[in-house]
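Commentary on secondary and tertiary structure
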Amino acid sequence: MQIMIIAIFILMASVPPVWLLSPCWIVVSAWVYPLWVMGFSRLHTRVALGRSGKGVRLLGMWAKAQLVLGFGVLCAVGWMMLIRGLPLGRGNHVDQSRLLTLLLAIGPVILAMIGYWALQYDRVLQIRKDFNHARNAVGLGPLVLWSRRGFLAWQLRSGLLFVLLPLLAIQLGGDLVTLATHPWAKHRWQWEILTGATAVMIFGVFLIAPRILVWVAGAKKMGKTPIRIQLETLAKELGIRYRTIRIWPSGQAVANAAVMGIVGRLRYILISDSLLQQFTPPQIRAVFGHELGHVRRHHIPYLMLCLISLMLWASLVTDGVWWVCVQIAAGDSLPIRVRSILAIKEALSILIMVGFLVVVLGRLSRLFERQADMDGAYCASHPDGVDLEDD
């Protein structure tokens, strides 16, 4: 959900608004949006506490969808244009602070998320109590019952900060790069200097992001247990370098593992508490091997190359369409048609990106998951290590 909101933010940042409202009404819409989301969240909670069924699940999906749909409507009425027009830098649009722009732009989203989660607490608490009754009936231990504050803290860490902090770091780095390269603003190599500094900054953020996310997750060091020895042996046999294996305290809400980091010495492996407590060693090794399989087969670099190719192709096609439209509209009527040409260009760019994500990236992701499943299956059946040949 958070990824979809960020995608909308990136796409709508350059798209002209569809229904441009006055600044006053745009600000009113920014306040109405969180209240609208909280209203649906409250309705879903009240209905879910009294009944169950397909209708309740559909209402829950619709309530969650308001986070994305509402933000899309807010951008369509001119929210991004209003934010970009504020004096947040040294006095013009080019020097506007990226960090402040992002914080103000997603401010309504953050308020809407916090309100949504706060009003969902009673429903989640009731679900956990029902699970505990069922677990007690078969002799299993109870799940942790969150307090409202603990539930909100967990959602903020896992549902917001995991995505937001790396993005904020990139925006802050962009501001620092702009300040650092300002003395070369009129240099003939200005574009090359700015591009190189930005690339170095983004790579630096990718290096330090795993450590930041480990801190956000509150991950703790894993003791020298038999399962850790097995996992370390598997990682060594697979040739995966990492810094440490840590336990991810999720309040028994997540049963999964994660590998974070593109450089071995700065790579962290997280194993959730629920995975360790509720699954057997072969099952733990299967999940662990699946995540290491993504690293072993270099899936993340391949995905990054695909996204870079997507942006290059989208830029090439839309620039070509722009050139054709300008040639057609050349003459006295050009100023009248500029807005239409821009709308066509941005709409085509969005269609290309959406089509690529749904068709190409979707198929590629399924292929990567099947490959990682093979590594997980091997690890599940080899408690003392595996000897896999590249295939």
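To be clear, the structure that these remarks concern was listed above.
Quick look at the structure, then. Just so it is clear, the structure is predicted and the values come from calculations on it, not from any experiment.

**Side note on the pattern of salt bridges**
Across all of its chains, the model carries five salt bridges by this definition. Note that Glu 232 is salt-bridged to Arg 228, the shortest N-O span being 2.7 Å. Residue Glu 232 and its partner Arg 228 are both found in helix H9 (residues 226-238); the two are separated by four residues, about one turn of the helix. The pair Glu 232 / Arg 228 is uniform in exposure class, with both members buried. Three or more residues joined by partner-sharing salt bridges are found here, namely Lys 224, Arg 228 and Glu 232.

**Let's talk about unusual backbone geometry**
A positive phi is found at Gln 252, a non-glycine position, where the angle reads about 60 degrees. Looking at the secondary structure, you find Gln 252 in the loop between strand S2 (244-248) and strand S3 (257-260). Although it is not a glycine, His 298 sits at a positive phi angle of roughly 60 degrees. On the accessibility criterion, His 298 (45% relative accessible area) is partly exposed.

**Focus: the sheet that holds strand S1 (residues 220-221)**
The mixed open sheet is built from four strands, whose spatial order is S1-S2-S4-S3. Two strands close off the open sheet at either side, each with one partner strand: S1 and S3. Pairing analysis gives four bridges linking S3 to strand S4 (residues 268-272), with the strands arranged antiparallel. If you follow Val 259 over to S4, its bridge partner there is Ile 269. Each of S2, S3 and S4 is contacted by helix H11 (residues 281-296), which is oriented at about 25 degrees to S3, the strand it contacts most.

What counts and how
Residues numbered from 1 in each chain as written. Predicted model: local features only at pLDDT ≥ 70, side-chain atom pairs only at ≥ 80, totals over all residues. Heavy atoms only, no water. Salt bridge = Lys/Arg side-chain N within 4 Å of Asp/Glu carboxyl O. Helix = DSSP H or I, 4+ residues; strand = E, 2+ residues; numbered from the N terminus. Buried < 20%, exposed > 50% of the residue type's maximum accessible area, 1.4 Å probe, protein only. Pairing = 2+ DSSP bridges. Contact = heavy atoms within 4.5 Å. Axes fitted to C-alpha atoms, helices over the stretch in contact; angles between N-to-C directions.

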